[in-house]
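Residue-level listing of the chains:
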Amino acid sequence: MTHFLNEKRTPLFRQSLHQQAPELVELERLIVTHPSRLEYRVIETVEYNEQAFPIYAIDLGQHQPGKPALLICGGVHGIERIGVQVVIAQLKVWLERLKWERSLQQCFNEINVTVLPVINPVGLFLNRRSNGRGVDLMRNAPIDSQQGSFLVSGQRFSPRLPWYRGKEDRLELENLSLEKEIKRLSSLSPLLISIDCHSGFGMRDRLWFPYAYRRRPMRDIAPVVALKLLWENSYPNHQYIFEPQSNHYLTHGDLWDYFYKCFGRKDCTFLPLTLEMGSWNWVRKRPLQLFRVGGLFNPLVPHRQQRALRRHLPLMDFLRHAVHSYQQWLPNDQEKQHLTQVAQSLWYRMQE
Ligand SMILES: [Zn+2]
């Protein structure tokens, strides 16, 4: 385990990692037990309190140019631990199935899959939303909304207040490492679908796509509509609300807005999705958990946690298949015109 910096960890730090970031420890265990089925990289090491916290990237399949790509992210907001747990649960399922399932082995040979289960390891360790420097990574990108509500949409007053955006001119280390991964995958691939797993106070599970900074549609909205229709036709009884994030609220500095603008190109269709798991079902049946740290963002009870962990497996597998078979559903120019109109009537009619 030399690579894991584990040898450099003091016994005390190891112990506190076990207590405060068990997900990170579980991920490291997973890496060690599946050496032949995954490649891992430490893409960044974040320092906090003189301790080093690694950001891991897990690659499945042999990454080669020309293949479509899937990027799965978790733990941007440290307190939303269920997002990390969902990503690790998915990783475990695939690693087990890769032992015997030929169609899965074949699929991973034909697509590039990268998983970043814990983008903000210090936030996870501290059980808080921001990173170690008090910056909300999801408000940190250099992109401003014309509207947006006070504070919650992002602020530059102080890291002591929530939703702090950080310094104007720079992305935080965690975000820089994420940016490099997206740059790498989008330069290799004709299609990149990403899904970033979060949780928040809501009645329903939501699938968001850009933009968060404005209410008008993305530059190339048609592939999003095509993916939505594909999902809904394939899984007609699904429980997600598929919508632009701006339908919910406007924010400054949204990472996926920014990455979409940077890396969505003619030769790489980029579809960034955010899964926002609604916590109301967990809280409703257990209102007292509101008073516990993280109670708003995590199930806290084993059977509800299990339900959350299995609930999103079909979606993740669907995305894998959608990436694998992208040539079957990605719209051509003519279909795009029609789908753009569909997008207008689905989500943007109010602005006309
Ligand atoms: Zn979040």
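Structure: see above.
Residues numbered from 1 in each chain as written. Predicted model: local features only at pLDDT ≥ 70, side-chain atom pairs only at ≥ 80, totals over all residues. Heavy atoms only, no water.

*Asks:* Pulling in residues and values, what's your account of helix α1 (residues 11-20)?
*Replies:* Listed as buried for α1 are Phe13, Ser16 and Leu17. Buried residues along α1 cover an arc of 105° about the axis, so they all sit on one side. For α1, exposure combined with an orientation more than 90 degrees from the buried face picks out Pro11 and Gln19. Tucked into the core, α1 has its buried residues touching α2 (22-33), β2 (51-60) and α5 (121-126). (Buried < 20%, exposed > 50% of the residue type's maximum accessible area, 1.4 Å probe, protein only. Helix = DSSP H or I, 4+ residues; strand = E, 2+ residues; numbered from the N terminus. Arc of directions from axis to C-beta. Contact = heavy atoms within 4.5 Å.)

*Asks:* An account of the pattern of salt bridges is requested, with residue identities and associated values reported.
*Replies:* On inspection of all chains with the given rule, the structure shows 20 salt bridges. Across the pair Asp59 and Arg41 runs a salt bridge whose closest N-O atoms are separated by 2.9 Å. Separated by 18 residues along the polypeptide, Asp59 in strand β2 and Arg41 in strand β1 (residues 39-48) bring together distant segments of the chain. By relative accessible area, Arg41 is classed as partly exposed at 26%. In the salt-bridge network here, residues are joined through shared partners; they are Arg41, Asp59, Glu181 and Arg184. (Salt bridge = Lys/Arg side-chain N within 4 Å of Asp/Glu carboxyl O.)

*Asks:* So what's going on with the packing of aromatic side chains? Which residues, and what values?
*Replies:* If you walk through the whole model with that rule in mind, you get 19 aromatic pairs. On the numbers, 5.9 Å between centres and 45° between planes, the contact of Phe209 with Phe242 is tilted. Residue Phe209 is found in strand β6 (residues 205-209), and its partner Phe242 is found in strand β7 (residues 240-244); the two are separated by 33 residues along the sequence. Each member of the pair, Phe209 as well as Phe242, carries the same accessibility label: buried. Judged by centre distance (6.1 Å) and plane angle (80°), the rings of Tyr235 and Phe318 are edge-to-face. Here Tyr235, found in the loop between α7 (222-234) and β7, pairs with Phe318, found in helix α11 (residues 313-324); they are 83 residues apart in sequence, far enough to count as distant. Of the residues examined, Phe318 reaches a relative accessible area of 6% and is grouped as buried. Through a chain of ring-to-ring contacts, three or more aromatic side chains come together here, namely Phe209, Phe242, Trp347 and Tyr348. The aromatic ring of Phe108 is capped on one face by Arg320, whose charged end is 5.9 Å from the ring centroid. (Phe/Tyr/Trp six-rings, centres within 6.5 Å; stacked < 30°, edge-to-face > 60°. Lys NZ or Arg CZ within 6 Å of the ring centre and 35° of its normal.)

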